[in-house]
Amino acid sequence: MAQRPKVGDKAYHLLLAPGDVPRYILLPGDPGRVPLIAKHWTEAREVARNREFVTWVGSYKGVAVGATSTGIGSGSTAIAVEELLYAGADTFIRVGTTGALQREIRLGDLIIGTAAVRFDGASRWYAPPEYPAVAHWLVVKALVEAAESLGVRYHVGVVASTDSFYVGQERPGYGGFMPPWSRGLIDALRSLRVLSFEMESATIFTLASIYGARAGGVYATIANRETDEFKPEVGVEEAVKVANEAVKILAEYDRKSGADP
Ligand code: URA
């Protein structure tokens, strides 16, 4: 079998070696969000930086935690999950932004994903389309508990992950381009009670299930596709707080159940 490419003992893209990260890892898409997540930690420090992948580790309320940016979409996200597992992670929380499909979801509200429609590309290389992209129930429970304790507005349900922000989310491409298969996509997903669009969770959830790891996601609603509103960054700070707090809650569950290494 072919070897996985490495630089010394470091994974080729993330530049992380075994033991470089703790088990709990937050996954923003944007490298600029990693320090925003880490500002809530003590002992925060950058351990690796390459391309879109920036990794910091630290401690949140006494729990060792890390954050790695995945970049946008499934290709770079699958690389991040693969190489973080190699480096020692086993629990992933995506911290992202999302575009709501349901009218009642307001800008700034949080969404906690229970599963993701697999409109990504990378997860198709791992499992047939019938294989579900589901969040781990304990991660969902921890995120809900964290959202409750912080008193933020949140919704829980299925999201849809696409590799295309424009036509893949029924937004016009350049010059108004809209392929026939994108027309009516929003209506179809809304009728299936899908809560929102985002771009990475299907990949993270699918890979985590296959590898026996755990994953979940919390997203700030920055767009509503029914009301046609868009406000960048609204709710992001709340999503970051909920994700960090969920790590503390998960560590408590793990300690109590003896799953703490
Ligand atoms: N992220 C997405 O993928 N879509 C949106 O509309 C907003 C954030």
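Cut-offs used in this document
Chains are numbered independently. Their residues run from 1 in the order of the written sequence. Note on the predicted model: pLDDT of at least 70 is required for a residue's local features to be given, and 80 or more for side-chain atom pairs to be given and counted; whole-chain, interface and lining totals, by contrast, use all residues. Values shown for side chains rest on all heavy atoms present in the structure; no hydrogens or waters enter the calculation. Being near a molecule or strand, for a residue, means having at least one of its heavy atoms within 4 Å of it. Polar contacts here mean pairs of N or O atoms no more than 3.5 Å apart (in protein, one a potential hydrogen donor and the other a potential acceptor; neighbouring residues in sequence count only if both atoms are side-chain atoms). Here the Shrake-Rupley method, with its probe set to 1.4 Å, supplies the accessible areas, and only the displayed protein chains count as covering residues. In the cavity and pocket records, a cavity denotes points on a 1 Å grid over the protein atoms alone where a 1.4 Å probe fits but cannot get out, a pocket denotes an open set with protein on both sides within 12 Å along at least 5 of 7 lines, and lining residues are residues with an atom within 4 Å of a point. The rule for placing a molecule in a cavity or pocket is simple: more than half of its atoms must lie within 2 Å of the grid points. Labels follow the DSSP assignment, with helices taken as runs of H or I lasting at least four residues and strands as runs of E lasting at least two, numbered in each case from the N terminus. Throughout this entry, Asp, Glu, Lys and Arg are counted as charged residues, while Ala, Val, Leu, Ile, Met, Phe, Trp, Tyr, Cys and Pro are counted as nonpolar. The remaining residues, Gly among them, count as polar. By the convention used here, residues are in contact when the closest approach between their heavy atoms is within 4.5 Å. Put simply, two rings from Phe, Tyr or Trp (the six-membered ring, in Trp's case) pair if the centres are within 6.5 Å, and we call them stacked under 30 degrees between planes, edge-to-face over 60, tilted for the rest. For every residue, the accessible area (1.4 Å probe, protein chains only) is compared with the maximum for its type, and the residue is labelled buried under 20%, exposed over 50%, or partly exposed between those bounds. Any two strands with at least two DSSP-identified bridges between them are counted as paired.

### Overview of the site of the ligand
Logical step 1: By nearness alone, every residue bordering the ligand is listed as T97, T98, G99, F165, Q169, R171, F197, E198, M199, I222 and A223.
Logical step 2: The separation between a nitrogen atom of the ligand and a polar side-chain atom of Q169 is 2.8 Å.
Logical step 3: Protein contacts shield 95% of the accessible area of the ligand, which totals 240 Å² for the unbound molecule.
Logical step 4: With respect to the detected pockets, the ligand is housed in the largest pocket.
Logical step 5: Of all the secondary structure elements, the ones that give two or more residues to the shell around the ligand are strand 7 (91-100), strand 11 (196-198) and strand 12 (214-224).
Logical step 6: Looking at side-chain class alone, the shell around the ligand contains five nonpolar, four polar and two charged residues.

### Comments concerning the side chain of T55
Logical step 1: In this structure, T55 sits in strand 5 (residues 53-60).
Logical step 2: Side-chain polar atoms of T55 contact the side chain of T68, separated by 2.9 Å.
Logical step 3: For T55, the contacting residues outside a window of four places in its chain are L16, V21, R45, E46, V47, A48, A67 and T68.

### Some thoughts on the packing of aromatic side chains
Logical step 1: Counted according to the given criterion, the structure contains two aromatic pairs.
Logical step 2: Here the aromatic rings of Y126 and Y211 are separated by 6.5 Å at their centres, their planes lie at 85°, and the arrangement is edge-to-face. With Y126 in the loop between strand 8 (110-119) and strand 9 (133-134) and Y211 in the loop between helix 5 (201-210) and strand 12, the pair connects residues that are 85 residues apart, well separated along the chain.
Logical step 3: Residue Y211 is classed as partly exposed on the basis of its relative accessible area of 40%.

### A few points about the pairing of strand 8
Logical step 1: With respect to burial, strand 8 is a largely interior element, seven of its ten residues being buried.
Logical step 2: The pairing of strand 8 with strand 10 (residues 154-162) spans nine bridges and is parallel. Looking at strand 10, one finds that I111 is bridged to H155.
Logical step 3: Pairing analysis gives four bridges linking strand 8 to strand 12, with the strands arranged antiparallel.

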